[in-house]
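Here is what each chain is made of, one letter per residue.
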Amino acid sequence: MVVMPEPAPTLQQLLAFYLEAGVDCALADEPINRLEGVDPVPAPAAPRPVAALNPLRPPPAMPAVPRSEIVAAPDAAIASAREAARTAPTLEALRALMETFDGCALRHTATKLVFADGNPQARVMFVGEAPGRDEDIEGLPFVGRSGKLLDRMIAAIGLDRSKAYIANVIPWRPPGNRTPTPQETQICLPFIQRQIELVNPDVLVTLGNPSTQALLGTREGIMRTRGKWLDYDTGTRSIRAIATFHPAYLLRSPSYKKMSWLDLRAIAKALVQVSA
Ligand code: URA
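The sections below set out a description of the structure shown in this document. (Residues numbered from 1 in each chain as written. Predicted model: local features only at pLDDT ≥ 70, side-chain atom pairs only at ≥ 80, totals over all residues. Heavy atoms only, no water.)

What to know about the nonpolar core
Stated formally: Among buried residues, the Ala, Val, Leu, Ile, Met, Phe, Trp, Tyr and Cys ones that are joined through side-chain atoms within 4.5 Å form a nonpolar core. In this scheme, a residue with accessible area under 20% of its type's maximum is buried, one over 50% is exposed, and one in between is partly exposed, where area comes from a 1.4 Å probe on protein chains only. By the criteria applied, helices consist of DSSP H or I runs no shorter than four residues and strands consist of E runs no shorter than two, each listed in order from the N terminus. Contacts between residues were defined by any pair of non-hydrogen atoms, one from each residue, lying within 4.5 Å.
One finds Met 125, Tyr 165, Ile 192, Leu 204 and Leu 215 to be the most contacted residues of the largest nonpolar core, which totals 37 residues. For this core, the secondary structure elements donating two or more residues are helix H2 (74-87), helix H3 (91-100), strand S2 (124-128), strand S3 (165-168), helix H7 (182-199), helix H8 (209-216) and strand S6 (238-244). A total of 7 residues in this core trace back to one element, the largest contributor, which is H7. What Ile 192 contacts, discounting residues up to four positions off in sequence, is Met 125, Val 127, Ala 167, Asn 168, Val 169 and Leu 215. Counting residues in hydrophobic clusters, the runner-up holds 23 residues, among them Met 153, Ile 166, Ile 242 and Leu 250.

Okay, here's the thing in structure tokens:
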């Protein structure tokens, strides 16, 4: 039997394949061959001499690892994020140190830091999970489809971005919009916590489950946690906090907009109460 070779894919087919696989942006102009210079499969190791296993002998010296190849342990990265965030006296200082923070690998695949949008003097702060493609391009949170819905949600209670402050738990887009890893969330947490402390809103709104669990320490799903008032402790002050649905979820499941409207009304009422 003669097997005919598959025709090579067209450029469009190749791009469609990449898009399907979550590769929707180019990170550099030139491709990087990451297999270049990698040794072929190493020969099986020679059996260890018996003497090396003798517990009375000192272990063989480890080969020296160049400092540049030592990847920061997540614990060290979390500690350095905490230390950096703690020392930022203002939002501008916090943004500046996040621009150069090296402890989170997401910074290297993202195009831009997505710090925040809106009014730092606002009385209400909304926090989402992580930027997507549109946010990564513009460097602003919630500017894509779900951002347009968030704008409409905020407008429904008489506010806009000049009267609200918007940020994310993770300030860099995860490649291909994948879910951030728990380690990435832990590393980024001190930054959003400091941002909340510096903005010091009267009401904190978490959008969706990931930001609710990360900031409010809840363990249940958004169906159970939404619409309930909780306390968010900045360390110096307690802020009223409430979780609601993420706008991206509402785009997929519009029937939950009714419940989100109840949450928005509760937020509007709380803002009136706090200023009374
Ligand atoms: N989803 C988020 O959680 N944040 C954004 O900024 C955009 C989409």
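Additional details are given in the paragraphs that follow.
Some words on the side chain of Asp 263
This is how the line gets drawn: Polar contacts, as used here, are pairs of N or O atoms within 3.5 Å; protein pairs need one atom able to donate a hydrogen and one able to accept it. Residues neighboring in sequence count only if both atoms are side-chain atoms.
Within the fold, Asp 263 resides in helix H11 (residues 257-275). Of the polar contacts made by the side chain of Asp 263, one reaches the side chain of Arg 226; its length is 2.8 Å. Excluding residues within four positions of it along the chain, Asp 263 makes contact with Arg 226, Gly 227, Ala 243 and Thr 244.

A look at the pairing of S3
Moving residue by residue along a regular strand, the side chains alternate between the two faces of the sheet. Keep this limit in mind: What makes two strands pair is DSSP finding at least two bridges between them.
Side chains of S3 alternate between two faces, with Tyr 165 and Ala 167 and Ile 166 and Asn 168 buried alike. As judged from the 2 bridges shared by strand S1 (residues 117-118) and S3, these two strands associate in the antiparallel manner. Residue pairing for S3: Gly 118 is matched across the bridge by Tyr 165. In this sheet, S3 lies alongside S2 in parallel orientation, the contact comprising 4 bridges.

Some remarks on the pairing of strand S5 (residues 229-233)
The sheet contact formed by S5 and S6 spans 5 bridges and is antiparallel. Within S6, the residue paired with Trp 229 across the bridge is Ile 242.

Overview of the environment of Ile 196
Inspection of the secondary structure assignment puts Ile 196 in helix H7. What makes Ile 196 buried here is its relative accessible area of 0%. Counting along the chain gives 31 residues from Ile 196 to Tyr 165, while the straight-line C-alpha distance between them is 9.7 Å. Ignoring anything within four residues of it in the chain, the contact list for Ile 196 reads Met 125, Pro 201, Leu 204, Leu 215, Tyr 232 and Ile 239.

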